[in-house]
Amino acid sequence: MSFTYRDLRYLVAYSLPLTAAVGLALGGAATWLTLAYAFGLIPLLEWLRPPNRALIPAGVSAASEARRHPLFDGLLYFNVPLQFALLAYFLYSLAHRDFSAVETAGAVCSVGICCGALGINVAHELGHRSRSWEQRLAQALLLSSWYPHFFIEHNRGHHRHVATPHDPATARLHEGFWRFLPRAVAGELRSAWALEATRLHRLGQSPWSGHNELLQLLAAQAGLAALVLAWVGPAGLLAWLAAAAVGYVLFQLVNYVEHYGLLRRQTAPGTYERVQPHHSWNSEHALGRILLYELTRHSDHHYQAARPYHSLRHQPAAPQMPTGYPGMMLLATVPPLWFRVMNPRVAAAT
């Protein structure tokens with residue numbers, strides 16, 4: 001199946017782990033390179049060059065229209081060895097080089113960005129695939145970011161309850177990010193446990209048995225942590241946990257900006273209308289789209305969850321953010337500014 005050079009645009013997504021690796025190699029101020037790139041340069045470029053609305057529905061190549069294509073699949077799969085190689089380099093560097101506290105903090109932030117973008121976001125895409133080995137790749141990436149319960153909760157919980165009060169990953173109107181963060185993190189874990197307990201109850205099995213997929217994933221996480229502890233010691237394990245925490249925060253920032261204030265209409269007690277394009281915030285800013293494998297076309301993803309990232313489409317009915325996801329994530333960290341910018345937009349969209 002043919003493709004065009006435009007289809008290679010997703011190679012740009014590899015710039016995130018590349019800047020992290022370069023920062024680790026150079027040390028010094030360069031350890032902060034990924035943070036400066038992802039939340040400095042990218043938001044600035046997207047603010048200076050907003051998307052051309054007239055070009056948004058433009059056609060794409062035959063490869064981009066395909067449901068499956070080895071190019072787009074391969075670009076996605078390569079993130080798995082890349083993420084684990086980056087983590088190994090990160091842990092090795094901290095253990096064998098005399099990094100200062102400032103350098104270590106920069107390395108943790110840079111690798112943490114990759115934990116969010118590669119470890120969780122790419123796992124999100126792979127977790128929606130139907131082939132079991134692709135789902136195993138998703139689980140491996142989630143283990144790299146200490147986020148294994150997402151594999152259970154996202155598909156079976158978030159996609160069912162999104163834009164309702166039952167979804168921990170849907171931010172409520174007037175809810176600041178720093179209040180949303182602990183509620184979402186704890187709520188997703190509780191939801192994953194409840195989903196597995198319900199599934200096993202229907203099968204006549206105990207949730208505390210070896211059949212519990214969440215317990216299996218947590219055991220795998222503990223095993224991986226033991227290996228890291230044996231290799232680089234407690235300091236290395238804590239650094240990995242810190243990087244994973246950065247990834248947690250970043251992915252919850254994504255959750256926050258994707259659905260803030262948008263709710264589905266309740267048609268009967270406990271029953272809600274089908275998810276529609278206007279239940280997710282979208283952005284057509286090109287750089288953010290590419291770096292996040294089209295996650296910013298979130299309405300189409302919820303409307304057609306099985307559609308691969310490269311074939312997600314612009315949904316004209318979806319409410320649009322004033323800038324790309326990286327810039328909106330920055331804005332969300334300052335709740336008063338976020339409310340000033342977004343609350344009028346929520347009112348206009350609902």
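All figures in this text were calculated on a predicted structure; none of them were measured in a lab.

**Looking at the confidence of the model for the protein**
- Chain-level statistics for the protein give a pLDDT mean of 93 and a share of 94% at 70 or above.
- The least confident element of the protein, judged by mean pLDDT, is helix α3 (residues 62-65) at 48; the most confident is helix α1 (residues 15-26) at 98.
- Contacts for the low-pLDDT stretch residues 57-64, under 50 throughout, to residues beyond four places or in other chains number 17 contacts.

**A closer look at the UniProt feature "transmembrane region" (unreviewed entry) in the protein**
- UniProt feature "transmembrane region" (unreviewed entry): in the numbering of this structure it lies at residues 20-45, 74-92, 104-123 and 238-257.
- Taken as a whole, residues 104-123 contains 100% helix and 0% strand, while its terminal C-alpha atoms sit 26 Å from one another.
- Note that residues 238-257 is 100% helix and 0% strand, and that its end C-alpha atoms are spaced 29 Å apart.

**Some thoughts on the nonpolar core**
- Of all hydrophobic cores here, the largest spans 53 residues; its most connected members are Leu16, Phe90, Tyr256, Val257, Tyr260 and Trp338.
- Those elements that place two or more of their residues in this core are α1, α2 (33-48), α5 (79-96), α6 (101-127), α9 (177-202), α10 (213-259), α13 (325-332) and α14 (335-349).
- Ranked by residue count, the leading element in this core is α10, at 12 residues.
- If near-sequence neighbours (up to four positions away) are discounted, Leu16 is found in contact with Thr34, Tyr37, Ala38, Ile113, Cys114, Ala117 and Leu291.

**A few points about the packing of aromatic side chains**
- Applying the stated rule across the entire model yields 21 aromatic pairs.
- Ring plane angle 80 degrees and centroid distance 5.9 Å describe the contact between Tyr10 and Phe72, whose orientation is recorded as edge-to-face. Taken as a pair, Tyr10 in the segment before α1 and Phe72 in helix α4 (residues 70-77) lie far apart in primary sequence, 62 residues in all. There is no split in this pair, since Tyr10 and Phe72 are both buried.
- Centroid distance Tyr10 to Tyr293: 6.2 Å. Interplanar angle 15 degrees. Geometry classified as stacked.

**Digging into the state of the cysteines**
- Scanning the model with the defined rule gives 0 disulfides in all.
- Here Cys114 is not cross-linked by a disulfide; its sulfur's nearest cysteine counterpart is in Cys115, at 7.3 Å.
- On the basis of relative accessibility, which here comes to 0%, the residue Cys114 falls in the buried class.

**Section: the environment of Gln221**
- Following the sequence through the fold, Gln221 ends up in helix α10.
- The class of Gln221 is buried, set by a relative accessible area of 3%.
- Through-space distance from the C-alpha of Gln221 to that of Gly210 is 15 Å; in sequence the pair is 11 residues apart.

**A word on the pattern of salt bridges**
- Counting across every chain of the model gives 13 salt bridges.
- The shortest N-O distance in the salt bridge between Arg183 and Glu175 comes to 2.8 Å.
- Ionic pairing is found between Glu284 and Arg297, a salt bridge with its closest N-O pair at 2.9 Å. In this pair, Glu284 is assigned in the loop between β2 (271-272) and α11 (286-291) and Arg297 in the loop between α11 and α12 (298-303), connecting sequence segments 13 residues apart.
- With relative accessibility at 9%, the residue Arg297 sits in the buried group.
- Taken together, the shared-partner salt bridges in this structure form one network comprising Asp73, Glu125, Arg129, Arg131 and Glu134.

**Some details on the packing of α9 against α10**
- Between α9 and α10, whose axes approach to 9 Å, the crossing angle comes to 115 degrees. Of the two elements, α9 crosses α10, and the hand of that crossing is right-handed. Taken together, the residues of α10 that come into contact with α9 (itself represented by Phe177, Phe180, Leu181, Ala184, Val185, Glu188, Ala192, Trp193, Glu196 and Arg199) are Glu213, Leu214, Leu215, Tyr248, Val249, Gln252, Leu253, Asn255 and Tyr256.
- Of the residues assigned to the contact of α9 with α10, the class counts are 13 nonpolar, 2 polar and 4 charged.

**Overview of the UniProt feature "domain: Fatty acid desaturase" (unreviewed entry) in the protein**
- Per the UniProt entry, the sites bearing "domain: Fatty acid desaturase" (unreviewed entry) are residues 109-323 in this numbering.
- The span residues 109-323 shows a helical share of 60% and a strand share of 2%, and its end C-alpha atoms are spaced 23 Å apart.

**Structural notes on the packing of α5 against α10**
- For the pair α5 and α10, interaxial distance at closest approach is 10 Å and the crossing angle is 90 degrees. Between α5 and α10, the angle is such that the two are roughly perpendicular. Here α5 contributes Phe84, Leu87, Ala88, Phe90, Leu91, Tyr92, Leu94 and Ala95 to the contact with α10, which in turn contributes Leu224, Val228, Trp231, Val232, Gly236, Ala239, Trp240 and Ala243.
- Residue composition of the contact of α5 with α10, by class: 15 nonpolar, 1 polar and no charged.

Rules behind the numbers
- Residues numbered from 1 in each chain as written.
- Predicted model: local features only at pLDDT ≥ 70, side-chain atom pairs only at ≥ 80, totals over all residues.
- Heavy atoms only, no water.
- pLDDT = per-residue confidence, 0-100.
- Helix = DSSP H or I, 4+ residues; strand = E, 2+ residues; numbered from the N terminus.
- Contact = heavy atoms within 4.5 Å.
- UniProt positions renumbered as here; feature names shortened; annotations may be inferred.
- Core = buried A, V, L, I, M, F, W, Y, C linked by side-chain atoms within 4.5 Å.
- Buried < 20%, exposed > 50% of the residue type's maximum accessible area, 1.4 Å probe, protein only.
- Phe/Tyr/Trp six-rings, centres within 6.5 Å; stacked < 30°, edge-to-face > 60°.
- Disulfide = S-S within 2.5 Å.
- Salt bridge = Lys/Arg side-chain N within 4 Å of Asp/Glu carboxyl O.
- Axes fitted to C-alpha atoms, helices over the stretch in contact; angles between N-to-C directions.
- Left-handed = near helix turned anticlockwise from the far one by under 90°.
- Nonpolar A, V, L, I, M, F, W, Y, C, P; charged D, E, K, R; others polar.
- Parallel < 35°, antiparallel > 145°, perpendicular 65-115°, else oblique.

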